[in-house]
Amino acid sequence: MRNQWMGSIFVMLTVLAFSPAIFAQTAGQPEAKKAKSAISAPDLTGVWANITESAATFNPKEDPSFQPWADAKWKANKNTDPGQPGITNGRVDLDPTVASCFPTGMPRLMTEVFPFEILQVRDRVIILFEKDYAVSHIWTDGRKLPEDPDPSYMGYSVGKWDGDTLVVDTIGLKDITWLDRIGHPHSDALHVTGRIRRINPDRLQIDWTFEDPKAFTKPWTGRTIYRRHPDWNLEEFISCEDRLLHGGESLEQKAVKEHGQ
Amino acid sequence: MKKIRLALFVGAAVLLLVSGPVFAHHGRSNYDVSATATVKGTVTSFEWTNPHALIYLDVTNESGTVEKWIAETNSPNTLSRQGWSRNTVKAGDLITLIGHRVKGGGFYINFSKIIFADGKELSPAIQN
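Note that the coordinates shown come from a computational prediction; the quantities given were computed from them, not determined experimentally.

1. Considering the overall build of chain A
Argument step 1. Counting its regular elements, chain A contains four helices and nine strands.
Argument step 2. Taken from the N to the C terminus, the helices and strands of chain A come in the order α-β-α-β-β-β-β-β-β-β-β-α-α.
Argument step 3. Split into buried and exposed, the 261 residues of chain A put 35% on the buried side.
Argument step 4. Counting only contacts in chain A whose residues sit at least 6 apart along the sequence, the fraction spanning at least 24 positions is 57%.

2. Some details on the overall build of chain B
Argument step 1. Scanning chain B from N- to C-terminus turns up two helices and six strands.
Argument step 2. N-terminal to C-terminal, the α/β element order of chain B is α-β-β-β-α-β-β-β.
Argument step 3. Here chain B holds 128 residues, and 36% of them are scored as buried.
Argument step 4. Taking the contacts inside chain B whose residues are at least 6 apart along the sequence as the reference set, 55% of them involve residues at least 24 apart.

3. Re the confidence of the model for chain B
Residues and elements named next belong to chain B.
Argument step 1. Of all residues in chain B, 79% have pLDDT values of 70 or greater, and the mean over the chain is 84.
Argument step 2. Across residues 1–21, where pLDDT falls below 50, the model places 10 contacts with residues more than four positions away in sequence or in other chains.
Argument step 3. For this predicted complex, the interface confidence reaches an ipTM of 0.75, while the overall pTM sits at 0.81.

4. So, unusual backbone geometry
In most cases, non-glycine residues show a negative phi, while peptide bonds are predominantly trans.
Argument step 1. Residue A:Pro107 follows A:Met106 across a cis peptide bond; omega there is 0 degrees.
Argument step 2. With respect to the element layout, A:Pro107 can be found in the loop between α2 (68–77) and β2 (116–120).
Argument step 3. Omega for the bond connecting B:Asn50 with B:Pro51 falls within 30 degrees of zero, at -5 degrees, which places this linkage in the cis form.
Argument step 4. Examined against the element boundaries, B:Pro51 turns out to sit in the loop between β1 (37–47) and β2 (54–60).
Argument step 5. At A:Cys101, a residue that is not glycine, the phi angle is positive and equals roughly 65 degrees.

5. Some remarks on the nonpolar core
Argument step 1. A:Trp48 and A:Phe210 are the most contacted members of the largest nonpolar core, which totals 35 residues.
Argument step 2. Among the elements that make up this core, the one with the highest residue count is strand β8 (residues 203–211) of chain A (four residues).
Argument step 3. Setting aside residues no more than four positions away along its own chain, A:Trp48 makes contact with A:Pro115, A:Phe116, A:Ile118, A:Leu204, A:Tyr226, A:Arg227 and A:Arg228.
Argument step 4. One finds B:Leu54, B:Trp69, B:Val89 and B:Phe111 within the second-largest nonpolar core, a separate group that totals 22 residues.

6. Topic: the pairing of strand β1 (residues 46–50) of chain A
If a strand is regular, its side chains alternate between the two faces of the sheet.
Residue and element names in this part refer to chain A.
Argument step 1. With four of five residues buried, β1 lies mostly within the body of the structure.
Argument step 2. Direction of pairing for β1 relative to β2: antiparallel, over a ladder of three bridges. Note that in β2 the partner of tryptophan 48 across the bridge is phenylalanine 116.

7. As for helix α4 (residues 251–258) of chain A
Argument step 1. Along α4(A), the residues that are buried comprise A:Leu251, A:Glu252, A:Gln253, A:Ala255 and A:Val256.
Argument step 2. In this fold, the buried residues of α4(A) make contact with α3 (241–245) of chain A together with β2, β3 (66–72) and β5 (108–116) of chain B.

8. Remarks on the sheet that holds β1(A)
Residues and elements named next belong to chain A.
Argument step 1. What the nine strands build is a closed barrel, ordered β1-β2-β3-β4-β5-β6-β7-β8-β9; its pairing is mixed. Strand-to-strand twist of the sheet, defined as the mean angle between neighbouring strand axes without regard to direction, takes the value 30 degrees.
Argument step 2. Relative to strand β9 (residues 220–228), β8 is paired through eight bridges, and the arrangement is antiparallel. When the bridges of β9 are listed, threonine 209 appears paired with threonine 221.

9. Considerations on the environment of A:Val158
Residue and element names in this part refer to chain A.
Argument step 1. By the secondary structure assignment, valine 158 is in strand β5 (residues 156–162).
Argument step 2. Residue classification places valine 158 among the buried positions, given that 20 C-beta atoms sit within 10 Å.
Argument step 3. Sequence-wise, valine 158 and threonine 193 are 35 residues apart; in three dimensions their C-alpha atoms are separated by 9.9 Å.
Argument step 4. Setting aside its immediate chain neighbours within four residues, valine 158 contacts Ile138, Trp139, Arg143, Lys144, Leu145 and Asp169.

10. Observations concerning the environment of A:His191
All names here are of chain A.
Argument step 1. Tracing the backbone shows histidine 191 in strand β7 (residues 191–200).
Argument step 2. You can call histidine 191 partly exposed: it has 17 C-beta atoms within 10 Å.
Argument step 3. On a C-alpha basis, the gap between histidine 191 and tryptophan 178 in space is 14 Å, while along the polypeptide they are 13 residues apart.
Argument step 4. Sequence-distant contacts of histidine 191, that is, excluding residues within four places in its chain, are made with Asp169, Ile171 and Glu211.

11. As for the environment of A:Glu211
Residues and elements named next belong to chain A.
Argument step 1. Looking at where glutamate 211 falls in the secondary structure, it is placed in strand β8.
Argument step 2. Along the backbone, glutamate 211 and isoleucine 118 are 93 residues apart, and their C-alpha atoms lie at a distance of 25 Å.
Argument step 3. Ignoring sequence-local partners within four residues, the contact set of glutamate 211 consists of His191 and Pro219.

What counts, and where the lines are drawn
Residues numbered from 1 in each chain as written. Chains lettered and ligands numbered in written order. Predicted model: local features only at pLDDT ≥ 70, side-chain atom pairs only at ≥ 80, totals over all residues. Helix = DSSP H or I, 4+ residues; strand = E, 2+ residues; numbered from the N terminus. Buried ≥ 20, exposed ≤ 12 C-beta atoms within 10 Å, placed from the backbone. Contact = placed C-beta atoms within 7 Å. pLDDT = per-residue confidence, 0-100. Core = buried A, V, L, I, M, F, W, Y, C linked by C-beta atoms within 7 Å. Pairing = 2+ DSSP bridges. Axes fitted to C-alpha atoms, helices over the stretch in contact; angles between N-to-C directions.

Okay, structure coming up:
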């Protein structure tokens, strides 16, 4: 009887001793496959800068077809300053990033003038943004979008390769951000699909579809283009440093206010 | 003649494209963009900060009074890509700035060109 116990314990110990190796091996095979697929995936890496004409939005020709509440918000956000030679931004005093120092967030970061860098690793594509030092993780390990993610500024993104195109789906976005730099609003139901393709060695093209059943009456589409800068490194851009340094107001705001404007 | 006109038009269009992003962060509504302002003075300090690098300068006006001006330009990230550093402008430098002044007569300018005492000119702009 005692021998049987000893025998059982011996078997258990043996199993325990070998089990990490078994796990490591079973986990190791798909890892190797993934690593191979990452290497064979099209190369999107590099520092890219926005050169889209009317780069402040995804589609300068057509606004989203808004629900009434969102349309009212858009009319308020829209920059109607006659001194503006081209629309580069929305109403500054209503801009959550410029007026109130909120993070820029996705997808608006893709319409900003500052560059981003794409990195590709085994299980994801990473976009590092110069603006706000923000990071987008696009999971390419086969996972699905979560059912009901908690909203965040960057959202939750998954990607899959369709030939030479990385198809990225993003949901879980906070509605406090603007969708683009000119002030199109969106809700927390926004689903962004970006089809990212390197159309030549130095150009990245992204075709966009925005679905937002709470804010739009139908999907909105657009396209943006980016130029590769092999000699650029990402620097740092923090929106509100001036206000932190000067008591909550930029010196520009103070100069305007002091002279009765 | 037509060619010259076209060149001028293209030149103006390029200038707009290049100069526009100087305002990209906060728009132009606080500025008098209908007039070009020129400010000449002596630098007291250069602040290498976001979202705009700032030059503080003393400007002596026609009546001999010293006005304390602040001049803003692009952000350090875009300036450093054009070869600027926190030492490009130094206290004591005599500089001339060309740009747009804030509305209402405040001593604040957003400049698109800086000319140093030795004649060197720099035109900061975002060049994507």
